[in-house]
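Report on the structure
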Amino acid sequence: MTIPALAAPTGSDRILLIETFVRIVEAGSLSAAAAQLGATQPTVSRRLQQLERSLAVRLLQRSTHAIGLTEDGQRCYERAKELLASWQSFESDVRGAGEALAGTLRVVAPHAFGQNQFMDALAQYLRQYPRMHVEWLLHDRLPDFIAENIDCAIKVGPVEDPSVVAVKLGEVPRSVMAAPSLLGGGPVPAHPSELAGLPWLALRTFYRDQVSLTHVDTGEVASFEIQPRLSTDGLYALRKAALLGLGVGIASAWALREELATGQLVQLAPQWRAAPLPVYLVYAPSRLQPARLRRFIETMREHLPSELRADARPA
């Protein structure tokens, strides 16, 4: 039986075909892509065939259990993502900057900071763009932006992945803190040499077995090894352990502001600081950013808390 030729796609149809292809790749199957697009599996399959025929290449290798990109398909997928991002930006610009944004922004933020420091900026974004919805996902790792469909992530600490774009928002200053009970009624240590013999708590995301402190006036650096009684990757767990007198920890004053003000915690070696942690807004590279992401970056820069503010620049 002769299979009838599929009609050549028009300009608007091509965007739909390209979007369908990207959804198939990212969803992992035709059926999953169909569910995301609100279409049937035969419709999604037909769109894929149309795209392959219009490009005269095979994009996917299909088996009974999985699909995989061909070499041409991989090349097409990378360009297709760029094209869709450009199209979204084009639509936004043509509609005019004054039009209210609408849609969903998916953001990953670190647990502690995402529940405190960044909430005011997030609230400002939602007030400014009332038709926007934000999925505010709290965990401390950088996501796979494409696979998890994440628009951007807020990262505290260095960004080591060269494949992403990192915009510096600010810095987190850090000092040494402990409960007065840990000192046994003695004086507050003034020099790092007095700290090495105390029990320690490690925030293992940033320090584990060594501490380095810098004098705020002279720039002198003092380093020493520690053997933590407790290691954790949770800032709130570190704070609670310090309050219970289990050891000395390093944290930002914002996270312990109330405890420092009431004397439940005291700052040790107050003229010495740990290196500040940079705060980045990170996203997958593309030639043009969707308007919802551009406006979010602008809002984060403008409304970041004053204690974190620093010159924002690409990294």
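Everything numeric here is computed off the predicted structure, so don't read it as measured data.

The rules we used
Every chain's residues receive numbers from 1 upward, in the order its sequence appears when written. Given that the model is predicted, a residue must reach a pLDDT of at least 70 before its local features are reported, and side-chain atom pairs must reach 80 or more before they are shown or counted; all residues, however, enter totals for whole chains, interfaces and linings. Excluding hydrogens and water, the side-chain figures rest on all heavy atoms present in the structure. By definition, any uninterrupted DSSP run of H or I lasting at least four residues is a helix, any uninterrupted run of E lasting at least two residues is a strand, and each is numbered from the N terminus. Buried residues are those whose accessible area, probed at 1.4 Å on protein chains only, stays under 20% of the maximum for their type, while exposed residues exceed 50% and partly exposed ones sit between those limits. In this description, contact between two residues means that some pair of their heavy atoms is separated by no more than 4.5 Å. Angles here are taken between N-to-C directions and fall from 0 to 180 degrees, while the axes themselves are lines fitted to C-alpha atoms, restricted in helices to the stretch in contact. Angles are sorted into four bins: roughly parallel if under 35 degrees, roughly antiparallel if over 145, roughly perpendicular if 65 to 115, and oblique for all others. The hand of a helix crossing depends on one turn: near helix anticlockwise from the far one by less than a right angle means left-handed, and clockwise means right-handed. The term nonpolar core refers to a set of buried residues drawn from Ala, Val, Leu, Ile, Met, Phe, Trp, Tyr and Cys, joined through side-chain atoms within 4.5 Å. Points on a 1 Å grid, built from protein atoms alone, make a cavity when a 1.4 Å probe fits but cannot get out and make a pocket when they are open with protein on both sides within 12 Å along at least 5 of 7 lines; residues with an atom within 4 Å of a point are the lining residues. Grid points are joined across faces, edges and corners, and a volume is the space filled by probe spheres set on the points. Polar here means any residue outside two lists: the nonpolar Ala, Val, Leu, Ile, Met, Phe, Trp, Tyr, Cys and Pro, and the charged Asp, Glu, Lys and Arg; Gly therefore counts as polar. By convention here, the domain bounds are inherited from an automatic or database domain assignment. Pairs were defined over the aromatic rings of Phe, Tyr and Trp, the Trp ring being its six-membered one, requiring ring centres within 6.5 Å. Orientation was assigned from the angle between planes: stacked under 30 degrees, edge-to-face over 60, tilted for the rest. Here a helix's expected span is defined as the number of its residues, less one, multiplied by 1.5 Å. Whenever a nitrogen or oxygen atom comes within 3.5 Å of another N or O atom, the pair is scored as a polar contact, on the condition that within protein one atom can donate a hydrogen and the other can accept it, and that pairs from neighbouring residues in sequence are kept only if both atoms are in side chains. The working definition used for a salt bridge is a side-chain nitrogen of Lys or Arg within 4 Å of a carboxyl oxygen of Asp or Glu.

Tallying secondary structure elements over the chain gives nine helices and 13 strands in all. Out of the 315 residues belonging to the chain, those deemed buried represent 41%. Look at the contacts in the chain between residues 6 or more apart in sequence, and 73% of them connect residues 24 or more apart.

Now for the packing of helix α6 (residues 119-128) against helix α9 (residues 291-303). Between α6 and α9, the shortest axis-to-axis distance is 9 Å and the interhelical angle comes to 130 degrees. When the interaxial angle is binned, α6 and α9 end up oblique. Crossing hand, α6 versus α9: right-handed. Packed against α6, whose contacting residues are A121, L122, Q124, Y125 and Q128, the element α9 presents R292, R295, F296, T299, M300 and H303 at the interface.

Further remarks concern the nonpolar core. If you look at the biggest cluster of nonpolar residues, it comprises 63 residues, and the most contacted ones within it are F118, L195, W200, Y207, L213, F296 and M300. In contact with L195, not counting residues within four places along its chain, are V176, P189, W200, L213, F224, L268 and A269. Formed by 18 residues, the second largest nonpolar core is a distinct cluster that contains V22, I24, L48 and Y77.

Next up on the list: the layout of surface pockets. By volume, the second largest pocket amounts to about 430 Å³. If you trace the second largest pocket, you find 29 residues lining it, with P110, F113, D140, F206 and L235 closest to the centre. When contributions to the lining of the second largest pocket are tallied by element, the ones reaching two or more residues are α5 (111-115), β5 (152-156), β6 (165-178), α7 (235-243) and β11 (249-251). Per-class residue counts for the lining of the second largest pocket are 18 nonpolar, six polar and five charged. When residues of the lining of the second largest pocket are sorted by domain, at least three fall in each of domain 2 (102-170 + 278-308) and domain 3 (172-276).

Ring pairs (aromatic) are described by centroid distance and by the angle formed between their planes. In total, this model carries four aromatic pairs according to the counting rule given. Joined through ring pairs, the aromatic side chains of Y125, Y129 and F296 make up one cluster.

Each α-helix turn comprises 3.6 residues. Residues three or four places apart therefore point the same way. Taking 1.5 Å of rise per residue, 13 residues should cover 18 Å, and α9 covers 18 Å from first to last C-alpha, within 8% of that figure. Looking at α9, one finds that the buried residues are A291, L293, R295, F296, I297, T299 and M300.

Here R106 lies in strand β3 (residues 103-109). Within the structure, the side chain of R106 is placed 3.0 Å from the backbone oxygen of N149, a separation counted as a polar contact. Sequence-distant contacts of R106, that is, excluding residues within four places in its chain, are made with E135, L137, E148, N149, I150, D151 and C152.

Summed over the entire model, instances satisfying the criterion amount to nine salt bridges. When the shortest N-O distance is used, the salt bridge between R23 and E19 registers 3.9 Å. Taken together, the residues span about one helical turn, with R23 and E19 both in helix α1 (residues 11-27) at a distance of four residues. Residue class for R23 comes out partly exposed when judged on its relative accessible area of 24%. Close ionic contact of K168 with E171 constitutes a salt bridge, the shortest N to O distance being 2.8 Å.

To continue, consider the packing of helix α2 (residues 30-37) against helix α3 (residues 41-55). With their axes 8 Å apart at the nearest point, α2 and α3 run at an angle of 105 degrees to one another. Here α2 is positioned roughly perpendicular relative to α3, judged by the angle of their axes. Residues L30, S31, A33, A34 and L37 of α2 lie in contact with α3, whose contacting residues are Q41, V44, S45 and R47. Here the contact of α2 with α3 is built from residues that sort into five nonpolar, three polar and one charged.

This part takes up the environment of F118. Within the secondary structure, F118 is located in the loop between α5 and α6. Here F118 falls in the buried class, since its relative accessible area comes to 0%. Taking the C-alpha atoms as reference, F118 lies 9.2 Å from I154; in sequence the two are 36 residues apart. In contact with F118, not counting residues within four places along its chain, are P110, F113, W136, I154, V279, M300, L304 and L308.

Note on placement: S252 falls in the loop between β11 and α8 (257-261). Looking at S252, its side chain comes within polar contact range of the main-chain oxygen of P173, at 3.2 Å. Leaving out residues up to four positions away in the same chain, S252 has contacts with V172, P173 and R174.

None of this, on its own, says anything about what the molecule does.
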